[in-house]
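Each chain is listed here by its residues.
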Amino acid sequence: MVFVRTTPPRPVEVTAVFPELAPLARPAVRLHPRPGAPSVRDSSVGGPLLWPADEPWPHCESEHPDSGFRQSPADVRLSRRRLARLHRDPHGPSFTPEEEEIRDQDAARLAERFDSGSPPPAECPVPLLPVAQLYLRDVPLLRPPGEADLLQVLWCPYDHEPDWKPATAVFWRSAASVVDVLATPPEPYEVNYSGYVPEPCLLAPEAITEYPNSLDLSPELRKVVGDWSRWQAAGVDVDGSYADYPAEFYDGNLADAPGWKAGGWPPWGRTDPYRRYCADCEAQMVPLLTIASFEWDGGTRGWAPHEDRAAAYAPSHRAGQSPAQPTKVEVGSTDNMQLYVCPTSPEHPHTDLIQ
């Protein structure tokens, strides 16, 4: 089943007010993940990957500090389903028979692991978890190497020093070259944090045009965007409460879109722009993928798709049930993880950054 998500027109035509920004326009694809049951042939977040049966599944060999969090990915998913059920039916049973069976099976598996005398899970090579799979047919702005038409992103569900974020891995492949698909990939025995277990989501890719965050502008252009008289002279209908800080209106409503997306301009907030350079050729790297904790927040609800407007402006939701967090991913302090690639060669090592 194909579903569609449509970004509302921006409240102001950016280049009509600031024609100086026209050369800075970039294409982006908002992915609009929504809970579903993707297959290996679908573009997805947290879904199964089209992974060759004869290719070893990637593992993280780094050290993994014990966080004290003792939930497996299966238990995290069970907890989410249970909370969603109780949200729909607050008077239902604490655990259904099926939930009890899954919980007991997972507890027994973990107990067997610890009782076997094997090293603790955090000390073993950790199987990576699927984060995203994007087919070129759905996200045409990807620039894969050679004959590749499929991007696969995975991560280790533990915090890694020095930035305390999941370690990411990027793979490009040709979908046609995969004949036998790995049916049951390995999973970690436990995860560092439930927000590192993506909920399976289908995507509704939407091509848009983005402009840079005001922090990404030159000092001259930043001054122009912050000049309230320019906004008034253009006759645009902008709330006068932004008169002292018009750049806030620009950043929240006109610049880079929130949520999961490919390409475009990176979001900033935790720091000023932090340029990334290729370790192989020193070219300035470009955004590949934004992994977002939320699709929108109180300051960016104007970006909520037409089809989600009612949910976006509804009263607050119970924890874990927000329509703005369909993937259940949470990185940093409800931040974004930006993945960057080299513009001269996508085969050069990628890098990532929390913002």
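A short tour of the structure in this document, coming up. (Residues numbered from 1 in each chain as written. Predicted model: local features only at pLDDT ≥ 70, side-chain atom pairs only at ≥ 80, totals over all residues. Heavy atoms only, no water.)

## A word on the overall build of the chain
Right, so step 1: In terms of regular secondary structure, the chain is built from seven helices and 14 strands.
Right, so step 2: Reported as C-alpha extents along the three principal axes, the dimensions of the chain are approximately 70 × 55 × 40 Å.
Right, so step 3: Nonlocal contacts in the chain, meaning residues at least 24 apart in sequence, comprise 78% of its contacts between residues at least 6 apart.
Right, so step 4: If you sum the accessible surface of the chain, you get close to 17,100 Å²; carbon and sulfur atoms cover 52% of it.
Right, so step 5: Positive and negative charge centroids in the chain, built from 31 and 51 side chains respectively, lie 4 Å apart. (Helix = DSSP H or I, 4+ residues; strand = E, 2+ residues; numbered from the N terminus. Contact = heavy atoms within 4.5 Å. Areas by Shrake-Rupley, 256 points an atom, 1.4 Å probe, with all protein chains shown as cover. Lys, Arg positive; Asp, Glu negative; His and termini not counted. Charge placed at Lys NZ, Arg CZ, Asp CG, Glu CD.)

## Overview of the pairing of strand β10 (residues 206-210)
Right, so step 1: Across the two faces of β10 the burial differs, with E206, I208 and E210 buried and A207 and T209 not buried at all.
Right, so step 2: Direction of pairing for strand β1 (residues 26-30) relative to β10: antiparallel, over a ladder of five bridges. Note on β10: the bridge partner recorded for A28 is I208. (Buried < 20%, exposed > 50% of the residue type's maximum accessible area, 1.4 Å probe, protein only. Pairing = 2+ DSSP bridges.)

## Things to note about the side chain of H32
Right, so step 1: By secondary structure assignment, the location of H32 is in the loop between β1 and β2 (34-35).
Right, so step 2: We classify H32 as buried; its relative accessible area is 0%.
Right, so step 3: In terms of polar contacts, H32 uses its side chain to reach the side chain of E206, at 2.8 Å.
Right, so step 4: Once residues within four sequence positions are removed from consideration, H32 is found in contact with F3, R5, T7, L202, L203, A204, E206, W260, E295 and P305. (Polar contact = N/O pair within 3.5 Å; in protein donor to acceptor, adjacent residues only side chain to side chain.)

## Considering unusual backbone geometry
Right, so step 1: Here the bond from E161 into P162 is cis, since omega is 5 degrees, no more than 30 degrees from zero.
Right, so step 2: Mapped onto the fold, P162 is located in the loop between β7 (150-160) and β8 (165-173).
Right, so step 3: The backbone of W164 shows a phi angle near 55 degrees, a positive value even though the residue is not glycine.
Right, so step 4: Tracing the sequence through the fold places W164 in the loop between β7 and β8.
Right, so step 5: With a relative accessible area of 45%, W164 lands in the partly exposed category.

## Some remarks on the sheet that holds strand β3 (residues 44-45)
Right, so step 1: Read across the open sheet, the six strands follow the order β2-β9-β3-β6-β7-β8; overall the sheet is antiparallel. Only two strands of the sheet have a single neighbouring strand rather than two, namely β2 and β8.
Right, so step 2: Of the pairings in the sheet, the one linking strand β6 (residues 129-135) to β7 comprises six bridges and is antiparallel in character. Bridge pairing in β7 links A132 to V153.

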